[in-house]
Amino acid sequence: MQQMEVIDIKAIREQFPVLHQQVHGKPLVYLDNAATTQKPASVIEALVAYYKNDNANIHRGIHTLAERATMAFETTRDEVRQFIGARHREEVIFTRGTTEGINLIAATIGKQRVRKGDEILVSAMEHHSNMVPWQMLATEKEATLKIIPINEAGELDIQAFHSLLSEKTKIVSVVHASNALGTVNPIQHITEAAHQVGAIVVVDGAQSASHLDINVEEWKLDFFVFSGHKIYGPTGIGVMYGRKELLLEMPPYMGGGEMIGEVRYDGFTTNELPYKFEAGTPNIADTIALAESIRFINKIGKESIRAHEDDLLQYATERLLQFPEIKLIGTAKNKVSICSFIVEGVHHQDLGILLDQAGIAIRTGHHCTMPLMHRMGLKGTSRASFAIYNTREEIDALELALKKSIKMLK
Amino acid sequence: MNDSIQDTIIDDFSLMEEWDDKYAYIIELGKKIPGLAEEFKLDAHLIRGCQSKVWMVSRLEGRQVFFEADSDAIIVKGLISLLLKTYSGRTPDEIIQVEPYFIEKIGMRQHLSMTRSNGLSSMVKNMKLHALAYKSKLDSLSN
């Protein structure tokens with residue numbers, strides 16, 4: 001609990017303008033952080049400052065504004081490299097988000113590596129973004145998508161994973177932390193085993209990047225993808241980390257400006273990394289602002305962030321378990337700060353509507369994990385997810401509103 | 001177009017100031033309507049929403065169209081009951097013309113605009129489509 005004293009949550013909350021408002025006449029309690037986090041003023045100001053002072057197209061201009069914009073843009077790449085522990089800055093490719101990153105991988109190295117009869121392995125808890133691109137690839141290549149099962153707590157069945165691995169396995173794509181259950185998967189163990197059969201490993205880090213320490217180099221990951229808007233940054237910007245040797249051998253994803261070396265009427269050569277994968281004018285403003293979100297996280301430190309969020313998770317879990325009609329969905333030993341639950345006899349949508357009336361924003365539904373919901377025999381869940389600016393008092397407010405809502409709905 | 005049925009609904013709600021009273025009333029309505037028997041909860045009658053489902057069937061009696069509907073979520077079901085009150089038992093022409101303005105007036109607009117999460121706005125559209133089909137059936141009979 002010592003770390004709790006060193007971070008001043010009140011001061012952190014002050015940095016988030018959006019939190020200081022009322023919804024339906026009640027103070028906003030924002031507990032939908034797994035969907036998107038709010039943005040600190042530094043991120044918002046960086047966006048505005050770019051458009052006010054530095055707006056220019058990057059890399060090609062020789063004037064001062066272009067130089068400033070390019071510098072700021074490329075500085076983000078350095079920040080990201082450090083943030084995820086990559087060896088080379090050119091291993092950091094900017095995308096629109098996690099979804100685009102996975103589609104890029106499936107459409108390039110996926111098409112290169114996967115042949116008829118091969119197998120792609122994903123887990124039972126994948127988000128549609130880490131399921132559908134592989135289904136599309138499998139259909140196209142007449143390959144098979146295999147599913148790593150989970151146990152009742154929502155943890156991967158590692159024994160089953162090992163027995164599914166074979167020399168037919170070309171790609172293993174697994175979520176680092178589940179958006180629907182909170183489960184943190186043993187990525188290093190999975191990577192090591194997958195590499196032994198020659199498969200490449202893709203890790204969906206959308207839910208882990210703001211909470212867990214990431215070290216792609218030490219973990220020997222092949223690909224790691226995440227979204228800016230879930231780490232206190234802007235929407236529309238994400239990152240695909242790829243190991244350099246693989247990025248070099250992969251074909252480009254999209255053609256156009258920026259990604260080319262030379263173009264003739266009869267063909268083209270590709271630009272060097274990372275630009276080979278960044279066709280067109282990139283999302284300059286959001287990329288520049290992304291650096292501020294990483295600085296925001298670094299300033300507090302992931303260890304302190306985790307200590308606070310773990311405390312909230314534990315507290316929320318205790319409070320929810322007070323309700324006889326509530327069942328937690330996802331009780332893995334190792335979780336990020338996501339609390340998914342169902343209320344017996346209450347539709348999650350009804351609950352979400354009434355909590356909103358109390359100023360409380362949670363997520364309800366299938367969380368873009370329909371196969372998982374199906375596997376668990378659920379139509380959906382209610383999900384409260386916590387970020388660094390949340391407080392125990394907000395969980396108390398949730399508990400109070402839950403009591404009232406359940407009473408109304410039962 | 002003003003509609004006395006809807007004006008009555010608006011009057012009922014105008015007595016309730018607090019959100020919890022309004023919702024408690026809607027939930028009550030949701031619990032009260034008979035809903036559909038399981039055999040009617042078929043995909044053919046399903047109006048798909050992202051989070052909750054709505055099933056709807058209709059029938060023509062003389063010149064009147066009657067609707068029955070159900071949902072797996074209780075608040076949607078309560079709002080359905082208000083839509084049924086507004087539309088069921090009216091002529092195809094009336095159903096086509098009448099817009100459900102009461103929803104905004106009673107402060108429930110967000111539920112109609114949440115097209116992805118519930119089937120309510122699709123339900124209004126579907127009722128009008130059914131009415132249109134009955135209208136052309138009636139027109140062809142009278143010709």
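Sequence order as written defines residue numbering, which begins from 1 separately in each chain. Following the order in which they are written, the chains are lettered starting with A and the ligands numbered starting with 1. Selection of residues for local features in this predicted model requires a pLDDT of at least 70, selection of side-chain atom pairs for listing and counting requires 80 or more, and totals for whole chains, interfaces and linings are taken over all residues. Hydrogens are left out, water is left out, and the side-chain values use all remaining heavy atoms of the structure.

(A) Main features of unusual backbone geometry. All names here are of chain A. The step from Leu273 to Pro274 runs through a cis peptide bond, and the omega angle for that step is 0 degrees. We note that His367 has phi near 55 degrees; this positive angle belongs to a residue other than glycine. Tracing the chain through its elements places His367 in the loop between β16 (363-365) and α13 (370-376). For every residue, the accessible area obtained with a 1.4 Å probe (protein chains only) is divided by the maximum for its type, and the residue is called buried under 20%, exposed over 50%, and partly exposed between those limits. Judged by its relative accessible area of 8%, His367 falls in the buried class. Here a strand is any run of E in DSSP of at least two residues, a helix any run of H or I of at least four, and the numbering for each starts at the N terminus.

(B) How the structure looks around the domain arrangement of chain A. Residues and elements named next belong to chain A. Residue ranges labeled as domains rest on an automatic or database domain assignment. Parsing chain A into structural domains produces domain 1 (2-39 + 302-409) and domain 2 (44-298). With centres defined by C-alpha atoms, the gap from domain 1 to domain 2 works out at 28 Å. Working rule for contacts: check all heavy atoms of both residues, and any pair within 4.5 Å makes them a contact. Between domain 1 and domain 2, the contact holds 40 residues from the first and 35 residues from the second. With both chains or domains summed, domain 1 and domain 2 bury close to 3,100 Å², and 55% of this area falls on carbon and sulfur atoms. Salt bridges are identified by distance alone: a Lys or Arg side-chain nitrogen within 4 Å of an Asp or Glu carboxyl oxygen. Connecting domain 1 to domain 2 are three salt bridges. For the salt bridge of Asp213 with Arg306, the shortest nitrogen-to-oxygen distance reads 2.9 Å. Of all the elements in the fold, those that place two or more residues in the side of domain 1 that touches domain 2 are α11 (302-321), β14 (338-343) and α13. When residues of the side of domain 1 that touches domain 2 are assigned to their parent elements, the largest contribution, six residues, is made by α13. Three categories are distinguished: nonpolar for Ala, Val, Leu, Ile, Met, Phe, Trp, Tyr, Cys and Pro, charged for Asp, Glu, Lys and Arg, and polar for the others, with Gly belonging to the last. Partitioned by chemical class, the residues of the side of domain 1 that touches domain 2 number 20 nonpolar, twelve polar and eight charged. Here's the idea: put two parts together, see how much 1.4 Å probe accessible area each one loses, and the total over both is what we call buried area.

(C) A look at the pattern of salt bridges. All names here are of chain A. All chains considered together, the criterion is met by 39 salt bridges over all chains. A salt bridge links Glu278 to Arg77; the shortest N-O distance between them is 2.9 Å. In this pair, Glu278 is assigned in the loop between β12 (267-270) and α10 (284-300) and Arg77 in helix α4 (residues 64-84), connecting sequence segments 201 residues apart. Looking at Glu278, the relative accessible area reads 6%, which means it is buried. According to the relative accessible area criterion, Arg77 is buried, its value standing at 0%. Of the charged contacts, one joins Arg243 and Glu245 as a salt bridge, the two residues approaching to 2.7 Å between their closest N and O atoms. On the basis of relative accessible area, Arg243 is assigned to the partly exposed category, the value being 24%.

(D) Layout of the interface of chain B and chain A. Residue-level contacts link 19 residues of chain B with 18 residues of chain A. The interface formed by chain B and chain A includes two salt bridges. Pairs of N or O atoms are called polar contacts if they sit within 3.5 Å, as long as, within protein, a hydrogen donor faces a hydrogen acceptor (for residues adjacent in sequence, only side-chain-to-side-chain pairs). At the junction of chain B with chain A, the criterion picks out seven residue pairs in polar contact (both at pLDDT 80 or more). Only α2 (19-32), α3 (74-87) and α6 (109-113) of chain B provide two or more residues apiece to the side of chain B that touches chain A. Ranked by residue count, the leading element in the side of chain B that touches chain A is α2 of chain B, at six residues. Tallied by class, residues from the side of chain B that touches chain A come to ten nonpolar, six polar and three charged.

(E) A look at the sheet that holds strand β1 (residues 46-47) of chain B. All names here are of chain B. When DSSP locates at least two bridges between a pair of strands, those strands are taken to pair. Within the open sheet, the three strands sit side by side as β1-β2-β3. Their pairing is antiparallel. The sheet terminates laterally at β1 and β3 (64-71), the two strands that pair on one side only. Across eight bridges, the pairing between strand β2 (residues 54-61) and β3 is antiparallel. Across the sheet, the residue bridging to Met56 is Ala69, located in β3. Running over the sheet, helix α7 (residues 120-142) touches β1, β2 and β3 and is turned about 25 degrees from β2. Only the stretch in contact is used when a helix axis is fitted, and all axes are lines through C-alpha atoms; the angle between N-to-C directions ranges over 0 to 180 degrees.

(F) View of the packing of α2 of chain B against α3 of chain B. All names here are of chain B. Relative orientation of the contacting elements α2 and α3 amounts to 80 degrees, with a least axis distance of 7 Å. Taken together, the axes of α2 and α3 lie roughly perpendicular to each other. Listed contacts from α3 to Tyr23, Ile26, Ile27, Leu29, Gly30 and Lys31 of α2 are Ile74, Ile75, Lys77, Gly78, Leu79, Ser81 and Leu82. Each residue belonging to the contact of α2 with α3 can be placed in one class, and the counts come to eight nonpolar, three polar and two charged. Working definition: roughly parallel below 35 degrees, roughly antiparallel above 145 degrees, roughly perpendicular at 65 to 115 degrees, and oblique for all remaining angles.

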